[in-house]
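Coordinate analysis (summary)
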Amino acid sequence: MENIQLFVPTYRIEETLAEIRECLQIGWTGLGFKTDKFEKAWVEFTGLRHAHFINSATAGLHLAVELLGEQGDWKPGDEIITTPITFVSTNHAILYAGFTPVFADVDESLNLSPEEVERAITPRTRAVMFVGMGGNPANLREVMQICRNRKLKLILDAAHMAGTRVGSDHVGIEADATVFSFQAVKNLPTGDSGMVCFADASLDAEARKRSWLGINKNTFQRTAQLGSYRWEYDVEATGYKYNGSSIMAAIGLVALRYLDQDNAYRRQIAKWYDAKLFGLNGDVTPVIHELGSSRHLYQISARDRDALMVAMNAAGVFPGVHYKDNRHYRMYDRPGADQTVAWKLSEGLVSLPLHVRLTYADVDRVVSTICSFYSRKG
Ligand SMILES: *Cc1c(COP(=O)(O)O)cnc(C)c1O
């Protein structure tokens, strides 16, 4: 029997190659051309005010924290409330910009708990970094309201949220900055790339320079310019090499055409899992998502997690874990971390295989391996 993998990205190969071929034919694979097209398509798809295409979500999170910090005159060591259940780049981005990550607790949704966010606020708090785990927008509205009331900035790490909607609105519209990942195994896969979407037009403009070493005119703009000073530019700040390329944007443009369709199938797979797993009396508890979730992940909290994963691997099924509580890592170690909901939940987390090539029979097989593990264990 074939192995069942956690994530298998699906590319519409001929359509994607046609987009890439255009780049190769005109001889433009870098910044501009398809990156401009993808930014426009993303704004149209999401309804967000701006979108700037960069080479990763990590880069976008860094730009978001740095530029909001400059605009608000935050001081080194000022605090950003964040979650311990995330990919480390969320929290690294806070440190890149010289601020302090303050961990608040999550609830059963694996997203930050609004009450715990409120409790973590101090006079030095400047922002909240919210991660919509697996695409789930649970608690986002409540946290947004807290940010508004307490005059804090909201940064949404939407790495799992391409295509997540709350009602008819795409998530991110009310955040100060929303950052998407189009990394190789996200639900809108390219190779490596991302999108940073600022609410404020001046920050969007600044991000475009900052992602291009601080240079105030990119090559694409200069090529469009007339006259013999097309080579001329000024450098305004110590920027970074964070821009996206037209090859990645070409892949993303095609993936975007299929995003809603793919997410709908992800939600279908999640329903199949739900129907089979609810009722596995306490051994397994599925994480519940709100309706519009992109369903980047299907997570369960499982008794005897490590042994379960070994048994699944032996049966040719390869689940994952998202994530280990970041306070397990030396640099984010905090006293008392093991007493939190986040820590305890993360000990049991398993992400079951979820991708658009999965069939009903595959879901059945994944669940069977889980059932036979627990009945064997009694
Ligand atoms: C993948 C991921 C990131 C980083 O995305 P890159 O595009 O790989 O930099 C950030 N946050 C979360 C929650 C992620 O899953």
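Each remark here, short or long, concerns the structure printed above.
Worth saying up front: this structure is predicted, and the values here are computed from it rather than measured. Per chain, residue numbering runs from 1 following the sequence as it is written. Where local features are concerned, this predicted model is filtered to residues with pLDDT of at least 70; where side-chain atom pairs are given and counted, the filter is 80 or more; whole-chain, interface and lining totals use all residues. In computing side-chain properties, one takes all heavy atoms of the structure into account and sets aside hydrogens as well as water.

Listed in full, the buried residues belonging to helix 4 (residues 89-96) are S89, T90, N91, A93 and I94. Should any heavy atoms of two residues lie within 4.5 Å, those residues are counted as being in contact. Here a strand is any run of E in DSSP of at least two residues, a helix any run of H or I of at least four, and the numbering for each starts at the N terminus. Here the buried face of helix 4 lies against helix 3 (57-72), strand 3 (79-82), strand 4 (100-103), strand 5 (125-131) and strand 6 (153-157). Just downstream of helix 4 lies G98, where phi reads positive at about 85°. Categorising residues by exposure relies on relative accessible area from a 1.4 Å probe, with only protein chains included: less than 20% of the type maximum marks a residue as buried, more than 50% marks it as exposed, and the intermediate range marks it as partly exposed.

With that out of the way, let us pick up the nonpolar core. Remark: nonpolar core denotes a set of buried residues (Ala, Val, Leu, Ile, Met, Phe, Trp, Tyr, Cys) joined through side-chain atoms within 4.5 Å. By size, the foremost hydrophobic cluster in this structure holds 36 residues, and its most contacted members are F38, W42, V128, L154, F180 and M195. Those elements that provide at least two residues to this core are helix 2 (34-46), helix 5 (114-120), strand 5, helix 6 (140-150), strand 6, strand 10 (194-198) and helix 9 (246-257). Those residues within four positions of M195 in sequence are excluded, and the remaining contacts are F38, E39, W42, A51, H52, F53, I54, T178, V179, F180 and F182. Of all hydrophobic cores here, the second largest spans 25 residues; its members include I4, I269, L277 and V366.

Looking now at the packing of aromatic side chains. Any two of the Phe, Tyr and Trp rings considered here, Trp counted by its six-membered ring, make a pair once their centres fall within 6.5 Å; the pair's planes then place it as stacked at under 30 degrees, edge-to-face at over 60, or tilted in between. Counting across every chain of the model gives 14 aromatic pairs. On the numbers, 5.9 Å between centres and 85° between planes, the contact of F103 with Y332 is edge-to-face. Here Y332 lies in the loop between strand 13 (317-318) and helix 12 (341-346) and F103 lies in strand 4, a separation of 229 residues in the sequence. Exposure remark for F103: the relative accessible area of 13% places this residue in the buried category. Residue class for Y332 comes out buried when judged on its relative accessible area of 1%. Judged by centre distance (5.2 Å) and plane angle (85°), the rings of W272 and Y360 are edge-to-face. In this pair, W272 sits in helix 10 (residues 259-277) while Y360 sits in helix 13 (residues 360-377), placing the two residues 88 residues apart along the sequence.

Glancing now at the pattern of salt bridges. Take a side-chain nitrogen of Lys or Arg and a carboxyl oxygen of Asp or Glu: if they are within 4 Å of each other, that pair is a salt bridge. Summed over the entire model, instances satisfying the criterion amount to 25 salt bridges. Here E19 makes a salt bridge to R257, at a shortest N to O gap of 2.7 Å. Taken together, the residues E19 in helix 1 (residues 13-26) and R257 in helix 9 connect sequence positions 238 residues apart. Residue classification places E19 among the buried residues on the basis of a relative accessible area of 10%. Two residues, E206 and R210, come together in a salt bridge whose shortest N-O distance is 3.2 Å. Here R210 and E206 lie together in helix 7 (residues 201-210), a separation of four residues that amounts to about one turn. You can call R210 buried: its relative accessible area is 5%. The network of salt bridges with common partners includes E66, E70, E206, K209, R210 and E236.

Moving on, we get to the sheet that holds strand 11 (residues 284-286). If you walk across this open sheet you meet the three strands as 11-12-14, and the pairing is antiparallel. Two strands in the sheet have a free side with no partner beyond their single neighbour: strand 11 and strand 14 (349-352). Going across the sheet, the axis of each strand differs from the next one's by a mean of 35°, ignoring polarity. Think of it this way: DSSP has to see at least two bridges between two strands before they count as a pair. Across three bridges, the pairing between strand 11 and strand 12 (residues 298-302) is antiparallel. Counterpart to P286 in the pairing with strand 12 is I300. Helix 10 rests against strand 11, strand 12 and strand 14 of the sheet, and its axis sits at about 20° to strand 12. Helix 11 (residues 305-314) contacts strand 12 and strand 14 of the sheet and is inclined by roughly 25° relative to strand 14. In this analysis, axes come from line fits to C-alpha atoms, helices being fitted only over the stretch in contact, and the angle between any two N-to-C directions falls in the range 0 to 180 degrees.

This paragraph deals with empty space enclosed by the protein. Lining residues are defined by having an atom within 4 Å of a point belonging to a cavity or pocket. Those points lie on a 1 Å grid over the protein atoms alone, cavities being sets where a 1.4 Å probe fits but cannot get out and pockets being open sets with protein on both sides within 12 Å along at least five of seven lines. Grid points are joined across faces, edges and corners, and a volume is the space filled by probe spheres set on the points. Applying the stated criterion to the full structure yields three cavities of 30 Å³ or more. Among the elements that take part in the lining of the largest cavity, helix 10 stands out by supplying three residues, more than any other. Ten residues, namely Ala, Val, Leu, Ile, Met, Phe, Trp, Tyr, Cys and Pro, are considered nonpolar, four, namely Asp, Glu, Lys and Arg, are considered charged, and the remaining ones, Gly among them, are considered polar. Considering only residue class, the lining of the largest cavity consists of eleven nonpolar, four polar and four charged. If you count residues domain by domain, the lining of the largest cavity takes at least three from each of domain 1 (13-257) and domain 2 (259-377). By volume, the second largest cavity is sized at about 60 Å³. Every residue lining the second largest cavity is listed: L48, R49, H50, G172, I173, A175, A177, T178, C197, F198 and A199. Mapped onto the lining of the second largest cavity, the elements with two or more residues apiece are strand 9 (177-181) and strand 10. A class-by-class count of the residues in the lining of the second largest cavity yields seven nonpolar, three polar and one charged. Here the limits of each domain have been adopted from an automatic or database domain assignment.

The next thing to look at is the sheet that holds strand 2 (residues 52-54). Taking strand neighbours across the sheet as the criterion, the seven strands line up as 2-10-9-6-5-3-4 in an open arrangement whose pairing is mixed. In this open sheet, the two edge strands, each paired with only one partner strand, are strand 2 and strand 4. Going from strand to strand, the sheet's axes swing by 25° on average, the running direction of each strand aside. When strand 2 meets strand 10, the two strands line up antiparallel, connected through three bridges. In the strand pairing of strand 10, I54 is matched with G194.

Before going further, it helps to spend a moment on the site of the ligand. A molecule or strand has a residue near it when one of that residue's heavy atoms lies within 4 Å. Around the ligand, the structure places 16 residues, and the nearest of them are T58, D157, H160, S181 and K186. Here a polar contact is taken to be a pair of N or O atoms separated by no more than 3.5 Å, where protein atoms must pair a possible hydrogen donor with a possible acceptor and residues adjacent in sequence count only if both atoms sit in side chains. For the ligand, an oxygen atom lies 3.1 Å from a polar atom in the side chain of K186. For the ligand, whose accessible area on its own is 380 Å², the fraction buried by protein is 93%. Whether a molecule sits in a cavity or pocket is decided by its atoms, more than half of which must lie within 2 Å of the grid points. At a threshold of 2 Å from the grid points, most atoms of the ligand map onto the largest pocket. Of all the secondary-structure elements, those providing two or more residues to the shell around the ligand are helix 3 and helix 4. A 1.4 Å probe and the Shrake-Rupley method give the accessible areas. Residues count as covered only by the protein chains that appear here.

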